[in-house]
Amino acid sequence: MNPLWHIYRKIKFVKVLKQTLIIEIARFVPSMKLKNKIYKKLLKMDVGNHTSFAYKVLPDLFYPEYISVGKNTVIGYNTTILTHEILVNEYRYGRVDIGSHTLIGANVTILPGVKIGHNVIIKAGTIVSKDVPDDTIAFGNPMQIHNK
């Protein structure tokens with residue numbers, strides 16, 4: 001049987017329910033200050049000053065505390081930040097670290113275990129499946145990385 005059928009052996013149902021409700025509310029909060037406070041205080045995410053999460057950003061429901069975002073970074077509309085993956089025969093999880101002064105475009109999906117550097121631009125619609133070094137631009141699926 002696939003790992004999703006046994007997920008609540010790894011993580012408590014009540015924790016997932018609480019985090020899901022908090023994240024769903026925060027997705028629609030228009031105030032950046034309030035949204036960041038919710039993420040920091042209630043979900044234990046590490047969020048830098050002046051970082052902005054746009055409308056409908058979806059942090060991981062199981063392990064949002066594994067997400068770290070530097071200062072003055074923009075996470076674009078409808079971006080998904082995953083810290084876990086459930087495959088047919090495997091369950092994986094890992095931190096996602098996003099640097100400072102970085103732009104994550106709209107509709108980006110960031111997979112678990114990825115580190116995105118400082119001063120990076122991730123263009124809209126990109127699937128971030130591997131680390132992205134400082135001072136680069138990443139785009140596409142499969143993702144390509146170029147120097148600025």
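For the structure itself, consult the block above.
Residues numbered from 1 in each chain as written. Predicted model: local features only at pLDDT ≥ 70, side-chain atom pairs only at ≥ 80, totals over all residues. Heavy atoms only, no water.

Re a positive patch on the surface
1) Next: A cluster of basic residues, Lys18, Lys33, Lys37, Lys40, Lys41 and Lys44, forms a positive patch on the protein surface.
2) Next: Considering each element in turn, the positive patch owes the most residues, 4 residues, to helix H3 (residues 32-42).
3) Next: For Lys44, the position within the fold is in the loop between H3 and strand E1 (46-47). (Patch = residues over 30% accessible without salt bridge, like charges linked within 9 Å, V, L, I, M, F, W, Y side chains within 5 Å. Areas by Shrake-Rupley, 256 points an atom, 1.4 Å probe, with all protein chains shown as cover. Salt bridge = Lys/Arg side-chain N within 4 Å of Asp/Glu carboxyl O. Lys, Arg positive; Asp, Glu negative; His and termini not counted. Charge placed at Lys NZ, Arg CZ, Asp CG, Glu CD. Helix = DSSP H or I, 4+ residues; strand = E, 2+ residues; numbered from the N terminus.)

Topic: H3
1) Next: Regarding H3, the residues found buried are Lys35, Asn36, Ile38 and Tyr39. The buried residues of H3 occupy one face: seen down the axis, they fall within an arc of 155°. Seen from the open side of H3, the exposed residues pointing more than 90 degrees away from its buried face are Lys33, Lys37 and Lys41.
2) Next: Buried-residue contacts for H3 involve helix H2 (13-26), E1, strand E2 (52-53) and strand E3 (58-59).
3) Next: Where H3 ends, the next residue or the one after it, Lys44, has phi of about 60°, a positive value. (Buried < 20%, exposed > 50% of the residue type's maximum accessible area, 1.4 Å probe, protein only. Arc of directions from axis to C-beta. Contact = heavy atoms within 4.5 Å.)

Focus: a nonpolar patch on the surface
1) Next: Together, Tyr8, Phe13, Val14, Leu17 and Leu21 make up an exposed nonpolar region whose accessible area comes to about 530 Å².
2) Next: With respect to the secondary-structure elements, Tyr8 resides in helix H1 (residues 7-10).

Concerning the packing of aromatic side chains
1) Next: This model, assessed by the stated rule, comprises 8 aromatic pairs.
2) Next: Measuring from ring centre to ring centre gives 5.5 Å for Phe28 and Tyr55, while their planes differ by 75°; the resulting arrangement is edge-to-face. With Phe28 in the loop between H2 and H3 and Tyr55 in the loop between E2 and E3, the pair connects residues that are 27 residues apart, well separated along the chain.
3) Next: The exposure class assigned to Phe28 is partly exposed, which follows from its relative accessible area of 42%.
4) Next: A centroid spacing of 6.0 Å and a plane angle of 45° characterise the contact between Tyr91 and Tyr93, whose relative ring orientation is tilted.
5) Next: Counting every residue linked through ring pairs, the aromatic cluster contains Tyr63, Tyr66, Tyr91 and Tyr93.
6) Next: Seen from the ring of Phe139, Lys123 lies directly overhead, with NZ or CZ sitting 5.9 Å from the centre. (Phe/Tyr/Trp six-rings, centres within 6.5 Å; stacked < 30°, edge-to-face > 60°. Lys NZ or Arg CZ within 6 Å of the ring centre and 35° of its normal.)

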